[in-house]
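Overview (structure and organization)
One-letter residues, chain by chain:
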Amino acid sequence: METMALFQYYNNYLDYLYHIILPDRVEGQINAIYQAIENQEPLNLGHLALLFSIIASSLFLQLSIESSVHAEACSREYTFLTGAALIQSNYSAYPTIEGLQATLIVAHNLSNTNCHPSVRVLFVHGAIVSQAKSLMLHCIDSPQFERKANGTDMIEIELKRRLWWDLASYDWLLGFLSGPQESTYLIHPEHMNVQKLANIDDIIPDSKEKDYSLPTSTPTKMSYSLERLKLAEVCREIVDATAYEHLRGREVSYDKVLELDRKLQQAYDFPAFFRLDAVSRQQYGPLYQDRPSIAWQRCLLHQAYHSRLCRLHRQYLVRGARNPTYSYSHVVCLQSARKVLEMKRIMDEDGPTFMPPSSVVWSVMHHVFMAAVILLMDVCFNWDDILAEKRKEEVLDACRMLSKAQQSSSTVREGINAMMEVLQKHWKVSNGKQSAVASSPVINPMELGNPARDSTPTAEPETANLKQSPADLPSNAIDDTGDTLEDIWTEMLDNSENLSSDTPDWTGLLAELTTATVPY
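Bear in mind the structure is a predicted one, so any value in this text is a computation, not a measurement.

Let us now look at a nonpolar patch on the surface. Side chains of M1, Y34, I37 and L43 sit close together on the surface and give an oily, nonpolar patch of about 370 Å² of accessible area. Relative to the elements of secondary structure, L43 occurs in the loop between α2 (23-38) and α3 (45-65). Residue classification places L43 among the partly exposed residues on the basis of a relative accessible area of 33%.

As structure tokens, then:
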């Protein structure tokens, strides 16, 4: 059955990132839907919404990989059906777990800016947080909900904890990204009572102990979520420590940056199966063969941490190359940017062959673009470095990654084009006039679908209808002069010694690049 094939596709290629459903339970719910249709009985609209959200996500990824013009149209249709089922069930007044799962799946995997206005509000981050609180998920472990010794479905309790912590993690990670939500979050840690996630699969282990969570050294379906939560908690602490300065346009003191760096470095301590040293990779080779999603998650975690280290230190990147006081930030930015690119290479070369290519995952390519810009900036502001030519080639290697990714997915192509428009807009030479690069025409976003975001960040950049098949479109970002992405970056590098330093840290550029297309 086609529905079950799409459900299995979701389990194989999407569920490992946000494990917020119980596959066996959902399979039973899908079978019940078809049984009700056959018996001409009323449908459970919450279950139907969940099914539609899974189909929308699966179709979008599946068809995007195939470079089909139908990817967005199909996902948009099923996203609308998800919202319609929720509205008909009066979900806003009477939320359900399945309805919450459906809204989270759409928020994580699809753009809510491109769905029909009549259902869009259901998938806005603030609305999802509100519905989770209506379900009392934020106080699931409060004394008033004390469970009886017998008869409690602990898997159901764990599922609710997973939903809450998934939402909290997402909330805190967004707070440390550029955009309207920057330096703020909706879920306060002191306004909840929810136990941390248990390190289990979807079955409670046989144990006489009250704490049935397995050691973190044991890989489970929740290992990735636990590490993601650790990163999210540090991001929340960074927001707490820097929001005052950010909201008042003040520079965060360097001592504070170094303290926050220590917190990130302390959290950057994974179980052995998520590490990248040669011993760990050899030791867990059989595990990666048996559970390839763990090898994939390992790279995503390293990339996520290093992209945040880059973000924390980037205001001192340029100064750190010249001023020894800030040299640590210069080194960390460059090391982390190179690590982000290394993770992309490992995913391409070492990754499981049947997983979706890393080039179609927008969050991966967004981090690659940001890392490439960090390296580009360093070359341009330090063009007289003895290793300048070698570092120019390093930048162009990263640029070639982006060019190749443009051929893999229309979503990634549009995201890269949106970020290129921002980059070219900022590129000026010292005489105050725009360079040939900055003044040459760029890809018109309206021709490829407007990638701009609405006021609410979501998991994916917006995609819009394509009049041509992506296979018929240029493989690289090409402007009206015929320049490819590599041509444009090469010209930037060649003009680097003329670059204006009137905004020496270029943090405005980096912030705008993130705002243009928010990664998840």
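Moving on, we get to the packing of aromatic side chains. Taken as a whole, this structure holds 12 aromatic pairs when the rule is applied. Ring geometry for Y9 against Y13: centres 4.6 Å apart, planes inclined by 70°, an arrangement best described as edge-to-face. Of this pair, Y9 and Y13 both sit in helix α1 (residues 2-13), four residues apart, which is roughly one turn of the helix. Taking relative accessible area as the criterion, Y9 reaches 12% and is therefore assigned buried. Residue classification places Y13 among the buried residues on the basis of a relative accessible area of 17%. Judged by centre distance (4.9 Å) and plane angle (90°), the ring pair of Y254 and Y326 falls under edge-to-face. In this pair, Y254 sits in helix α10 (residues 254-267) while Y326 sits in the loop between α14 (317-322) and α15 (327-349), placing the two residues 72 residues apart along the sequence.

Before going further, it helps to spend a moment on the environment of A267. With respect to the helices and strands, the residue A267 is situated in helix α10. Among the residues examined, A267 registers a relative accessible area of 9% and is labelled buried. Not counting residues within four places of it along the chain, the set of residues in contact with A267 comprises K230, V234 and Y305.

On to the side chain of H313, then. Its location among the elements puts H313 in helix α13 (residues 292-313). Only 2.7 Å separates the side chain of H313 from the side chain of S329, close enough to count as a polar contact. If we ignore the near neighbours within four places in the chain, the residues touching H313 are V257, D261, Y328, S329, V332 and C333.

On the secondary structure map, W489 appears in helix α21 (residues 485-494). Distance in space between the C-alpha atoms of W489 and C399 is 7.4 Å, their sequence separation being 90 residues.

To continue, consider the nonpolar core. A general trend in soluble globular proteins is that nonpolar side chains are found buried together. Counting 156 residues, the largest nonpolar core has F369, L423 and W489 as its most contacted members. The biggest single contributor to this core is helix α16 (residues 362-381), with 16 residues. When sequence neighbours within four positions are dropped, the list of residues in contact with W489 reads F369, A372, V373, L376, V395, L396, C399, L402, M420 and L423.

Another aspect to go through is helix α4 (residues 70-88). Under the 1.5 Å per step criterion, the end-to-end length of α4 is 27 Å for 19 residues, consistent within 8% with the ideal 27 Å. Every buried residue of α4 is listed here: A71, E72, S75, T79, T82, G83, A85 and L86. Buried residues of α4 fall within an arc of 160° about the axis and therefore sit on the same side. Contacts made by the buried residues of α4 are with α3, α5 (97-109) and α6 (117-120).

Definitions and limits used
Residues numbered from 1 in each chain as written. Predicted model: local features only at pLDDT ≥ 70, side-chain atom pairs only at ≥ 80, totals over all residues. Heavy atoms only, no water. Patch = residues over 30% accessible without salt bridge, like charges linked within 9 Å, V, L, I, M, F, W, Y side chains within 5 Å. Areas by Shrake-Rupley, 256 points an atom, 1.4 Å probe, with all protein chains shown as cover. Salt bridge = Lys/Arg side-chain N within 4 Å of Asp/Glu carboxyl O. Helix = DSSP H or I, 4+ residues; strand = E, 2+ residues; numbered from the N terminus. Buried < 20%, exposed > 50% of the residue type's maximum accessible area, 1.4 Å probe, protein only. Phe/Tyr/Trp six-rings, centres within 6.5 Å; stacked < 30°, edge-to-face > 60°. Contact = heavy atoms within 4.5 Å. Polar contact = N/O pair within 3.5 Å; in protein donor to acceptor, adjacent residues only side chain to side chain. Core = buried A, V, L, I, M, F, W, Y, C linked by side-chain atoms within 4.5 Å. Expected span 1.5 Å × (residues − 1). Arc of directions from axis to C-beta.

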